[in-house]
Amino acid sequence: METIAQWLSRANTQRSDLTALRYKKKGQWVEITWSDLFLQVETLAGSLASLGLKKGDKVAFISNTRWEWMAIDLANLCSGFVTVPIYQSNRKEDIEHILNDSEAKVVIVEDAKLYKVWKEISKSCPSVKRVVCIAPYPALPDEDDSWDDFTVLGTDFLATKSGFLQSLCEDR
């Protein structure tokens, strides 16, 4: 049986120039090809690996449905990490409970509103080591990352790891 990681690798090889997904940005449809999606997933997997995550570690995602959600979920699946989805509409007490119960090591939030919720509960979530904010957020503390900074971590990690995601996909 083919795993999702193997399926992603095959789609990258066999359909590289075809559209994998579309999303709206400022009212205009943007297309991402299978090769672009594979590269984005590889970069995110590299970002997570650069943080020292191990198979079975949890990555929480607090967001509306968006293409980045799918990309990080695929990176988790390929890397052996566990996605912890959290509704963006949850009360902060519920978010705190889910983060602590899951022992998430990384939290990815969609925007400034959810980042502020995170800051309110951060001191009571000791397992969380890194927070990433997708939407631009002015003056993030040094211990937290913007989406762009987070992907740079992956790019730097991958500079010495040719075929990183391909090898992960073959192992899964």
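Keep in mind that what you see is a predicted model, and the values were worked out from it rather than measured.

Caption draft 1: Examining the pattern of salt bridges more closely. The final tally for this structure, using the stated rule, is eight salt bridges. One salt bridge in this structure joins Glu93 and Arg91, with 3.7 Å as the shortest N-O distance. With a relative accessible area of 41%, Glu93 lands in the partly exposed category. Residue Glu120 is joined to Lys92 by a salt bridge in which the shortest nitrogen-to-oxygen separation is 2.8 Å.

Caption draft 2: Expanded view of the packing of helix 4 (residues 92-102) against helix 5 (residues 112-121). Between helix 4 and helix 5, whose axes approach to 10 Å, the crossing angle comes to 70 degrees. It follows from the interaxial angle that helix 4 and helix 5 lie roughly perpendicular. Where helix 4 crosses over helix 5, the two elements pack in a sense that is right-handed. Two secondary-structure elements touch here, helix 4 through Lys92, Ile95, Glu96 and Leu99 and helix 5 through Val117, Trp118, Glu120 and Ile121. A breakdown of the residues in the contact of helix 4 with helix 5 according to their chemical character gives five nonpolar, no polar and three charged.

Caption draft 3: View of the sheet that holds strand 6 (residues 130-133). Read across the open sheet, the five strands follow the order 4-3-5-6-7; overall the sheet is parallel. Strands at the two margins of the open sheet, each flanked by one partner only, are strand 4 (82-86) and strand 7 (144-146). With strand direction ignored, the average angle separating the axes of adjacent strands in the sheet is 20 degrees. Across the sheet, helix 3 (residues 67-79) touches strand 3 (58-62), strand 4 and strand 5 (106-109), and the angle it forms with strand 4 is around 150 degrees. Of the strands in this sheet, strand 5, strand 6 and strand 7 touch helix 6 (residues 147-158), which is tilted by about 95 degrees from strand 7.

Caption draft 4: Structural detail: the side chain of Thr43. Assignment of secondary structure puts Thr43 in helix 2 (residues 34-50). Judged by relative accessible area, which is 10%, Thr43 ranks as buried. A polar contact of 2.9 Å, which involves the side chain of Thr43, links it to the backbone oxygen of Leu39. Among all residues touching Thr43, those that are not within four sequence positions of it are Thr151, Gly154, Thr155 and Leu158.

Rules used in this analysis
- Residues numbered from 1 in each chain as written.
- Predicted model: local features only at pLDDT ≥ 70, side-chain atom pairs only at ≥ 80, totals over all residues.
- Heavy atoms only, no water.
- Salt bridge = Lys/Arg side-chain N within 4 Å of Asp/Glu carboxyl O.
- Buried < 20%, exposed > 50% of the residue type's maximum accessible area, 1.4 Å probe, protein only.
- Axes fitted to C-alpha atoms, helices over the stretch in contact; angles between N-to-C directions.
- Helix = DSSP H or I, 4+ residues; strand = E, 2+ residues; numbered from the N terminus.
- Parallel < 35°, antiparallel > 145°, perpendicular 65-115°, else oblique.
- Left-handed = near helix turned anticlockwise from the far one by under 90°.
- Contact = heavy atoms within 4.5 Å.
- Nonpolar A, V, L, I, M, F, W, Y, C, P; charged D, E, K, R; others polar.
- Pairing = 2+ DSSP bridges.
- Polar contact = N/O pair within 3.5 Å; in protein donor to acceptor, adjacent residues only side chain to side chain.

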